[in-house]
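If you want the building blocks of each chain, they are given just below.
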Amino acid sequence: MLPASRQFEAALGIVKKLRSEGYEAYLAGGCVRDLLLGREPLDYDVATSATPDVVLEMFPRTFAVGAHFGVVLVAHCDAAETLQRGSSEGSEGEKPTEVATFRSDLAYSDGRHPDGVRYTQSAEEDVQRRDFTINGLLLDPLRGGISLSERRGGEKLLRSAVLDYVGGVADLDAGVVRAIGDAHKRFEEDHLRMLRAVRFAARFGFELEAETRRAIRALAGRIHAVSRERIRDELTKMLTEGHARRAFELLDETGLLAEVLPEIVRMKGVEQPPQFHPEGDVWVHTLMLLDQLPAGCAATLAWGALLHDVGKPPTFKRAPDRIRFDGHVEVGVAMGAEICRRYRFSNEETRQVLALIENHMRFADAPRMKESTLKRFFRLECFDEHLTLHRMDCLAAHGNLDIHDFVRERRAAMPEETVRPRPLLTGRELIAAGYPPGPAFKEMLTLVEDAQLEGAIATAEEALALVQQRFEK
Ligand code: ATP
Ligand code: MG
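Residue indices begin from 1 for each chain and proceed along its sequence in written order. Written order determines the labels here, with chains lettered from A and ligands numbered from 1. Whole-chain, interface and lining totals are the exception, using all residues; otherwise, since this is a predicted model, local features are given only for residues with pLDDT of at least 70 and side-chain atom pairs are given and counted only at 80 or more. Working from all heavy atoms in the structure, the side-chain values ignore hydrogens and water.

Caption draft 1: Region of the structure containing the site of ligand 1. Taken together, 14 residues lie around ligand 1, and Arg33, Asn135, Asp190, Arg193 and Arg203 are the ones closest in. Residues adjacent in sequence count toward polar contacts only when both atoms are side-chain atoms; beyond that, a polar contact is any pair of N or O atoms within 3.5 Å, and within protein one must be able to donate a hydrogen and the other to accept it. Between an oxygen atom of ligand 1 and a side-chain N or O atom of Arg33, the distance comes to 2.8 Å. Here the open area of atoms and residues is found with the Shrake-Rupley method and a 1.4 Å probe, where only the protein chains shown may cover a residue. With the chains in place, 76% of the 580 Å² that ligand 1 exposes on its own is no longer accessible. Strands here are runs of E lasting at least two residues and helices are runs of H or I lasting at least four, both read from the DSSP assignment and numbered beginning at the N terminus. Put simply, the parts of the chain that give the shell around ligand 1 at least two residues each are α2 (30-36) and α8 (192-204). The greatest single-element share of the shell around ligand 1, amounting to five residues, is contributed by α8. Throughout, the edges of the domains are those of an automatic or database domain assignment. Built from parts of two domains, the shell around ligand 1 gets at least three residues from each of domain 1 (6-174) and domain 2 (175-260). Residues are counted as near a molecule or strand when any one of their heavy atoms sits within 4 Å of it.

This is the structure we're talking about:
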């Protein structure tokens, strides 16, 4: 029932130690929720009545991350005597446990952070400051004086060890994300919670409780008070947790999407030529791509999928023969650049997201590409992401994978040294051959590289001969 992981054992050890010194301590928040859902938690958080200075004193290897918010990181090897048992592995690289002092938040004046916190001896008060009922559960792993992990027992035992001050268990059973207390007030305090609500609902396939949903709708416009980086990180999580479609439908229904990515809302109702896109409009097509994003996929691939057709709404045209989106790739790249700037993506990520938009239509030409063009196409950074995006794009439309299969097979059959062979000639050798340095060098070297990629030449002598045929000295 309970995981026997070192992470869990470490958190348990911390709880034991705190208890033995007379403090209250529980597992808290997301890990309790995950355990009840039968999912292995990514990390374990401990909530305690001990203040940070006590925690810092009690455990030798600690780090005061958010001491002003009452959070101390406790590294594992000192936390639990059980930890090293039967293992030669050290604790390096293992996530420390977050130990947070029971607290209640003071007023919020920036729409994101409390102006300060007040420590409390009351676990219940600590739960009240948390965001959602499903995130407001505490677990007493030593209930009845026996460590849960040492007891054989099913879900019933686990449930009997839960402290639920907010109806979180019922909401978990019903599949509901519900703000703790007055939803409107809770989102007014911290606007980021609006995005968190959507993210948890999408991740678990839950519904937003009616009041919670209404409050988000009413306050969606305030999301701009949250930093762009935080908004981006929430969106990226939604895109890469395996439930991106549901997340974006919920963002749309709550009005958040119109605030954070109005360019995506504009895709709605933008018709496409039915012979290429039997699935429907650009919005439906994009949702069908999101539907295919697996949990753990690269953020750049996910954003590329979201934005690949972002240039379609502004370029929509009903031409005499059919609907056209002339220039949608170029417009899309420009819009993508603006969005990446808005959300403070790194240069590297921006480059890849824009490359995905820029190249997504080139696959159609692949079967007719010259050998050299195809090889240069394969040189795109993270070509796998381009190929995956193309596959999703096809499956979200006509479903024909002929081109995808062709490209994949060609790529697989082509060794890296034929895609990026060593150059046969360099500028230095051109100079040695008597050519004065200048802009023509680029043309010469491209000519040589083309012939090399086509397999027409293979030696430096052949390369020089080719240059001499075409270029006077
Ligand atoms: P995840 O699996 O995504 O980590 P989590 O529930 O563990 O989900 P965290 O962001 O790690 O989420 O936060 C841990 C706990 O802290 C939450 O379960 C919740 O109780 C509380 N919490 C986090 N952020 C907020 C917030 N903005 N407002 C109120 N409570 C919060
Ligand atoms: Mg967490």
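Still more ground to cover, so stick around.
Caption draft 2: Examining the pattern of salt bridges more closely. Just to be clear on terms, a salt bridge is a Lys or Arg side-chain nitrogen sitting within 4 Å of an Asp or Glu carboxyl oxygen. As enumerated under the stated definition, the model contains 44 salt bridges in all. Ionic pairing is found between Glu241 and Arg203, a salt bridge with its closest N-O pair at 3.1 Å. Of this pair, Glu241 sits in the loop between α10 (228-240) and α11 (244-253) while Arg203 sits in helix α8; the two residues are 38 residues apart in sequence, bridging distant segments of the chain. Note that Glu416 is salt-bridged to Arg411, the shortest N-O span being 2.9 Å. Each residue gets one of three labels from its accessible area relative to the maximum for its type: buried under 20%, exposed over 50%, partly exposed in between, using a 1.4 Å probe on protein chains only. Its relative accessible area of 39% is what places Glu416 among the partly exposed residues. Taken together, the salt bridges that share partners define one network made up of Arg112, Arg186, Glu189, Asp190 and Arg193.

Caption draft 3: Structural context of the environment of Ala47. With respect to the helices and strands, the residue Ala47 is situated in strand β2 (residues 45-48). Taking C-alpha positions, Ala47 is 9.6 Å from Val127, a pair spaced 80 residues apart along the chain. Two residues form a contact once any of their heavy atoms are found within 4.5 Å. For Ala47, the contacting residues outside a window of four places in its chain are Glu24, Ala25, Tyr26, Ala28, Ala100, Phe102, Asp126 and Arg130.

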